[in-house]
Amino acid sequence: MVFEKDLNLDATELRLGLPGSSEESLRISNKRALPDMNDDSGVAAAKKCDQETAPPTKAQVVGWPPIRSYRKNSLQTKKIEAETSGMYVKVSMDGAPYLRKIDLKVYKGYPELFKALEDMFKFKVGKYSEREGYNGSEFVPTYEDKDGDWMLVGDVPWEMFINACKRLRIVRGSEARGLGCVV
Amino acid sequence: MQKKMAYSFPDEVLEHVFSFIQSDKDRNAVSLVCKSWYEIERWCRRKVFIGNCYAVSPRMVIRRFPEVRSIKLKGKPHFADFNLVPDGWGGYVLPWIAEMAGAYPWLEEIRLKRMVVTDESLELIAKSFKNFKVLVLFSCEGFSTDGLAAIAASCKNLRELDLRESEVDDLSGHWLAHFPETCTSLVSLNISCLRSDEVSFSALERLVGRCPNLRSLRLNRAVTLDKIANILRRAPQLVDFGTGYYAAELQPDVFSNLAGAFSSCKELKSLSGFWDVVPAYLPALYSICPRLTSLNLSYATIQSPDLIKLVSHCPRLQRLLVLDYVEDSGLEELASSCKDLQELRVFPSDPFGAEPNVSLTEQGLVAVSLGCPKLRSVLYFCRRMSNAALVTIAQNRPNLTRFRLCIIEPKTPDYLTLEPLDVGFGAIVEHCKDLSRLSLSGLLTDHVFEYIGTYGKKLEMLSVAFAGDSDLGLHHVLSGCESLRKLEIRDCPFGDKALLANAAKLETMRSLWMSSCAVSFGACKLLGQKMPKLNVEVIDETEPPDSRPESCPVDKLYIYRSVAGPRFDMPPFVWTMDEAVRILH
């Protein structure tokens, strides 16, 4: 849903801006707002944006944000479970000189996993369809499951996949043909 | 002529008329008409609500209302939910139970919120009230499953046992087996807060199976997904159901069994629980989704696409609780699918992370406010907001009655203009004329309080944090908000002036909480001395407030009106300011 970008704030009775501010300064972006270097209104923006290093968890103020303990505990249990038991699997790509290792628990689903693999190995995953597997790319992601079988990545629900996957292999197209659902 | 008619009604007739008057407010009004109405009314009042257990003593309640069957008590201040009230502060229910055990042998219902309930209290309830029917312990603590066993064993006509969000010392799941085989009266059972992994499942199954009137059942995490079908088949008449663990390896027979069990529940309108969800099992709910009016997915760590799929099957949804994994895209779908939506709560999945982990912004809330004409109640955690968005929300949803916004980083300005959010919240109070509850966040100056004081005439509860510039802010609220009952403030630069200037106002409110503000010890003492009908309590865990100069600010302050005088069950870190005895400890 799009709300009007050219809201006429003057029309509302509660117009109370700082001197010098106006509609033209509306910057709509998905990025978090950075303090405007030229802004000398004196309003301090609370956040700094450091995209490069891994952001540390902030020092916690007691009782803030206002979340009930049982809810916090519930989230924390999940976080701890997630953080302590990583699901590391080896990833190989045909033609690459060495293997990599990734933690499957870090990803929330297939799209994220593929993006990570694409970045890591500099290739593109094709378009997935249930009938035909991956089309449009020479490289196909496959995995070895608990039974030792090599399967096409993407056929089963994500949760099932990360529990079954023992290692990943990005196969060159010609070898991948003939891979579909097992059994 | 007309005056005579009032006195010619026999008491029984008036009593009969009064029996149709259920609301506390109306009952209180009735009792003020004249002395005889006061007398008749007090003998036939069956339900009492006490919003602050320290505002009145058990003896006073019993003396005035000798025939009470149902009591509702609240203890700790709301900020106790966020660990701002130290353990041991108070809110003990035992003195109440002890007095009522003798005075109200026919008591049927006890509903408690934020109180300390011991096993001793529960055992006393079990022993003392022969016709006990309803026990609701909302956000309570201090008891164990042993106490629950006593209730289960003794209460022959128990209809409701609801432990919502309480902290229970979960010693054993076997307490459920203490419900006798003859107990068939249960209508509502909520054990969702129990943490233990062992719940006597066979006892639970049998209990559910023999209670044909069971309408509401909320299980805890210990109950695994494969067991849900068995439970549901024994209780197809359920209206409200809370699942346990909703995760398992996908197995077709388990899935179809579950889907079948859900579809046999033709009355099911409300679902909750959903810890650890496997999205593949969500379609098992599709048959009941068209009837669902309430859905609590606030523990479910499922992503936006799965949430969207589920929500799009629920056109009649009135109430949705969800994590911010729903994202703006999910809320946009909600706005287009669920036109009956009245209440939305979005909780943060990663409240302490420094960076946003999901794409949930003000856009999602704006979308829902535009698309859902019946939206009345909002609780929204997000990381950015703008005045423009708030103004849009206010103009589109003047029917909002509860608006609680939490921008996670304190003092966050409008992300577009970097201005304070005064104008935005001002629009909310101006347009939403029936707004009764408001929680503020973000960068706010005294101006926002000016708007609130001017327009917030129906505002009953206000929560403020990290806001304002001076006493003027507090003064605007106390002098302007005519309906204000509860005010809770933390980390604001409000001091003595506004508080002392508006001392009389405090007697018209239930309570005021101020922590990490600038109210001096001297002002607290003065207030306590001048206002005998107020209990002024200072909380300081580090050192006694009088070990510092009087001008030093107190750490935490809790002021409430009371006809019972200062309480005597305070822990060492709570001091009461009293006119008779300078500082009572």
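Chain B appears in an unreviewed UniProt entry as Transport inhibitor response 1-like protein from Gossypium arboreum. Recorded under Pathway (unreviewed entry), the UniProt text for chain B is reproduced unchanged: "Protein modification; protein ubiquitination."

For chain A, an unreviewed UniProt entry supplies the name Auxin-responsive protein and the organism Gossypium arboreum. Taken verbatim from the UniProt record of chain A, the Subunit (unreviewed entry) comment is "Homodimers and heterodimers." What UniProt records for chain A under Subcellular location (unreviewed entry) is the sentence "Nucleus".

(A) Spotlight on the overall build of chain B. On a plain count of helices and strands, chain B comes out with 21 helices and 24 strands. Its C-alpha atoms give chain B a radius of gyration of 26 Å, near enough to 25 Å, the size a compact globule of 585 residues would have. Referenced to the eigenvectors of the C-alpha coordinate spread, the extents of chain B come out at roughly 70 × 65 × 60 Å. For chain B, the proportion of contacts with a sequence separation of at least 24, taken over those separated by at least 6, is 71%.

(B) Seen up close, the nonpolar core. Within the largest apolar cluster, 203 residues are counted, with the highest numbers of intra-cluster contacts made by Phe241, Tyr246, Phe262, Phe403, Leu438 and Ile452 of chain B. Beyond its immediate stretch of four places on either side in the chain, Leu438 of chain B contacts Phe403, Phe425, Ile428, Val429, Ile452, Leu459, Met461, Leu462 and Ser463 of chain B. In terms of nonpolar packing, the next biggest core, distinct from the first, is built from 27 residues, Tyr107, Leu117, Met151 and Trp158 of chain A among them.

(C) The arrangement of the packing of aromatic side chains in detail. This structure, assessed with the given rule, holds 28 aromatic pairs over all chains. Taking the centre distance of 5.1 Å and the plane angle of 90° together, the rings of Tyr110 of chain A and Trp158 of chain A count as edge-to-face. Residue Tyr110 of chain A is located in helix α2 (residues 110-121), and its partner Trp158 of chain A is located in helix α3 (residues 158-164); the two are separated by 48 residues in the primary sequence. By the ring-pair criterion, three or more aromatic residues cluster together here, those being Tyr110, Phe114, Tyr128, Tyr134, Tyr143, Trp158 and Phe161 of chain A. Over the ring of Phe201 of chain B we find Lys227 of chain B; its NZ or CZ atom is 5.3 Å from the centre of that ring.

(D) Spotlight on the sheet that holds strand β1 (residues 88-93) of chain A. Residues and elements named next belong to chain A. Reading across from one edge, β2-β1-β7-β5-β6 is the order of the five strands in this open sheet, with mixed pairing throughout. With partners counted over all chains shown, the strands left at the sheet margins are β2 (100-103) and β6 (150-152), one partner each. Adjacent strand axes in the sheet meet at a mean angle of 35°, parallel and antiparallel pairs treated alike. Bridging between β1 and strand β7 (residues 167-172) involves four bridges; their strand directions are parallel. When the bridges of β7 are listed, Ser92 appears paired with Arg169. Docked against the sheet, α2 engages β1, β2, β5 (139-144) and β7, running at close to 155° with respect to β2.

(E) Representation of a nonpolar patch on the surface within the structure. Residue and element names in this part refer to chain B. Together, Phe9, Val13 and Val17 make up an exposed nonpolar region whose accessible area comes to about 240 Å². Residue position: Val13 is located in helix α2 (residues 11-18). Look at Val13 and you get partly exposed, because its relative accessible area is 37%.

(F) View of the pairing of strand β18 (residues 461-465) of chain B. Residue and element names in this part refer to chain B. Judged by how many residues are buried, β18 sits mostly within the fold: five of five residues are covered. Taking every second residue as pointing to the same face, both faces of β18 are buried, with Met461, Ser463 and Ala465 on one and Leu462 and Val464 on the other. Examined bridge by bridge, strand β17 (residues 437-439) and β18 share three bridges and lie parallel to one another. Each residue of the ladder has a partner; that of Arg437, found in β18, is Met461. Crossover handedness for the path β17 to helix α17 (residues 446-455) to β18: right-handed. Relative to strand β19 (residues 486-490), β18 is paired through five bridges, and the arrangement is parallel. In the strand pairing of β19, Leu462 is matched with Leu487. Handedness of the crossover joining β18 and β19 through helix α18 (residues 471-480) is recorded here as right-handed.

(G) Seen up close, the packing of helix α15 (residues 387-396) of chain B against helix α16 (residues 422-431) of chain B. Residue and element names in this part refer to chain B. Between α15 and α16, the shortest axis-to-axis distance is 7 Å and the interhelical angle comes to 5°. As far as their axial angle goes, α16 and α15 are roughly parallel. Contacts from Asn387, Leu390, Val391, Ile393, Ala394 and Gln395 in α15 reach Asp422, Val423, Gly424, Phe425, Ala427, Ile428 and His431 in α16. Looking at the contact of α15 with α16, its residues break down into eight nonpolar, four polar and one charged.

(H) Examining the pattern of salt bridges more closely. If you walk through the whole model with that rule in mind, you get 35 salt bridges over all chains. Among the salt bridges present, the one from Arg345 of chain B reaches Glu343 of chain B, with a minimum N-O distance of 2.7 Å. Residue Glu343 of chain B is classed as buried on the basis of its relative accessible area, which comes to 14%. Arg548 of chain B is the salt-bridge partner of Asp540 of chain B, the closest N and O atoms lying 3.0 Å from each other. Taken together, the shared-partner salt bridges in this structure form one network comprising Arg68 of chain A together with Asp81, Arg114 and Glu165 of chain B.

(I) The arrangement of the side chain of Arg383 of chain B in detail. Residues and elements named next belong to chain B. Within the secondary structure layout, Arg383 lies in the loop between β15 (377-382) and α15. Look at Arg383: it is buried, it has no salt bridge, and the nearest opposite charge is Asp350 at 5.1 Å. A polar atom in the side chain of Arg383 sits 2.7 Å from the backbone oxygen of Asp350. At 3.2 Å, the side chain of Arg383 and the backbone oxygen of Gly353 are in polar contact.

(J) Main features of the environment of Val125 of chain A. All names here are of chain A. The topology assignment puts Val125 in the loop between α2 and β3 (127-129). Of the residues examined, Val125 reaches a relative accessible area of 14% and is grouped as buried. Ignoring sequence-local partners within four residues, the contact set of Val125 consists of Phe114, Glu118, Tyr134, Ser137 and Pro141.

(K) Up close: unusual backbone geometry. In the segment running from Trp64 of chain A into Pro65 of chain A, the intervening peptide bond is cis, with an omega of -5°. Note on placement: Pro65 of chain A falls in the segment before α1 (69-84). Positive phi values are uncommon outside glycine, yet Asp491 of chain B reaches one of about 55°.

(L) Region of the structure containing a negative patch on the surface. Residues Glu120, Glu123, Asp146 and Asp169 of chain B make up a contiguous surface patch of negative charge. Structurally, Asp146 of chain B can be placed in helix α8 (residues 145-154).

(M) Fine view of helix α14 (residues 362-371) of chain B. Residue and element names in this part refer to chain B. The buried count for α14 comes to eight of 10 residues, which makes it a mostly enclosed element. Here α14 has its buried residues at Glu362, Gly364, Leu365, Val366, Ala367, Val368, Ser369 and Gly371. Here the buried face of α14 lies against α13 (327-337), β14 (343-347), β15, α15 and β16 (402-407). Of the residues that open α14, the one with a side-chain oxygen 3.1 Å from the backbone nitrogen of Gln363 is Thr361.

(N) Expanded view of the packing of helix α12 (residues 304-311) of chain B against α13 of chain B. Residue and element names in this part refer to chain B. Interaxial distance between α12 and α13 falls to 9 Å at its minimum, and their mutual angle equals 5°. Considering the angle they form, α12 stands roughly parallel to α13. Of α13, the residues touching α12 (which contributes Ser304, Ile308 and Val311) are Glu327, Ser329, Gly330, Glu333, Leu334 and Ser337. Along the lines of polarity and charge, the residues of the contact of α12 with α13 split into three nonpolar, four polar and two charged.

What counts, and where the lines are drawn
Throughout this document, residue positions are counted from 1 along each chain, in the order its sequence is written. As a convention, the first chain written is A and the first ligand written is 1, with the rest following in written order. Local features in this predicted model are restricted to residues whose pLDDT is 70 or higher, and side-chain atom pairs enter the listing and the counts only when it is 80 or higher, whereas totals over whole chains, interfaces and linings include all residues. Hydrogens and water are ignored here; the side-chain numbers use all heavy atoms of the structure. UniProt positions are given in the numbering used here, feature names are shortened, and annotations may be inferred rather than shown by experiment. Note on conventions: DSSP H or I runs of at least 4 residues are helices, E runs of at least 2 residues are strands, and numbering of each starts at the N terminus. For this measure, only C-alpha atoms enter the radius of gyration; the expected value for a globule follows 2.2 Å times N^0.38, where N is the number of residues. Any two residues whose heavy atoms approach within 4.5 Å are treated as being in contact. Take the buried Ala, Val, Leu, Ile, Met, Phe, Trp, Tyr and Cys residues and link them wherever side-chain atoms come within 4.5 Å; each set so joined is a nonpolar core. Here the term buried applies to any residue with accessible area under 20% of the maximum for its type, exposed to any over 50%, and partly exposed to those in between, with areas from a 1.4 Å probe on protein chains only. Ring pairs shown here join Phe, Tyr and Trp side chains whose ring centres sit within 6.5 Å, with only the six-membered ring taken for Trp; geometry is labelled stacked below 30 degrees between planes, edge-to-face above 60, and tilted in between. Here, over-ring charges are defined by two tests on the NZ atom of lysine or the CZ atom of arginine: distance to the ring centre within 6 Å, and angle to the ring normal within 35 degrees. What makes two strands pair is DSSP finding at least two bridges between them. Fitting a line to C-alpha atoms yields each axis, with helices limited to the stretch in contact; the angle taken between N-to-C directions then spans 0 to 180 degrees. Patches in this entry comprise residues that are over 30% relatively accessible and not in a salt bridge; like charges within 9 Å are linked, as are nonpolar side chains (Val, Leu, Ile, Met, Phe, Trp, Tyr) within 5 Å. All accessible-area figures derive from a Shrake-Rupley calculation using a 1.4 Å probe, and residue coverage is judged against the displayed protein chains alone. The salt bridge definition used is simple: a Lys or Arg side-chain nitrogen within 4 Å of an Asp or Glu carboxyl oxygen. Here the term right-handed applies to a crossover when the path leading from its first strand over the helix to its second strand runs clockwise, the strands being oriented away from the viewer. Oblique is the label for any angle not under 35 degrees, not over 145, and not in the 65 to 115 range, which are roughly parallel, roughly antiparallel and roughly perpendicular in turn. We call Asp, Glu, Lys and Arg charged. Ala, Val, Leu, Ile, Met, Phe, Trp, Tyr, Cys and Pro are nonpolar, and the rest, Gly among them, are polar. Charged residues are defined here as Lys and Arg on the positive side and Asp and Glu on the negative side; His and the ends of the chain fall outside this count. The definition of a polar contact used here is a pair of N or O atoms within 3.5 Å, where within protein one atom must be able to donate a hydrogen and the other to accept one, and adjacent residues in sequence count solely through side-chain atom pairs. The atoms used to mark charge sites are NZ of Lys, CZ of Arg, CG of Asp and CD of Glu.

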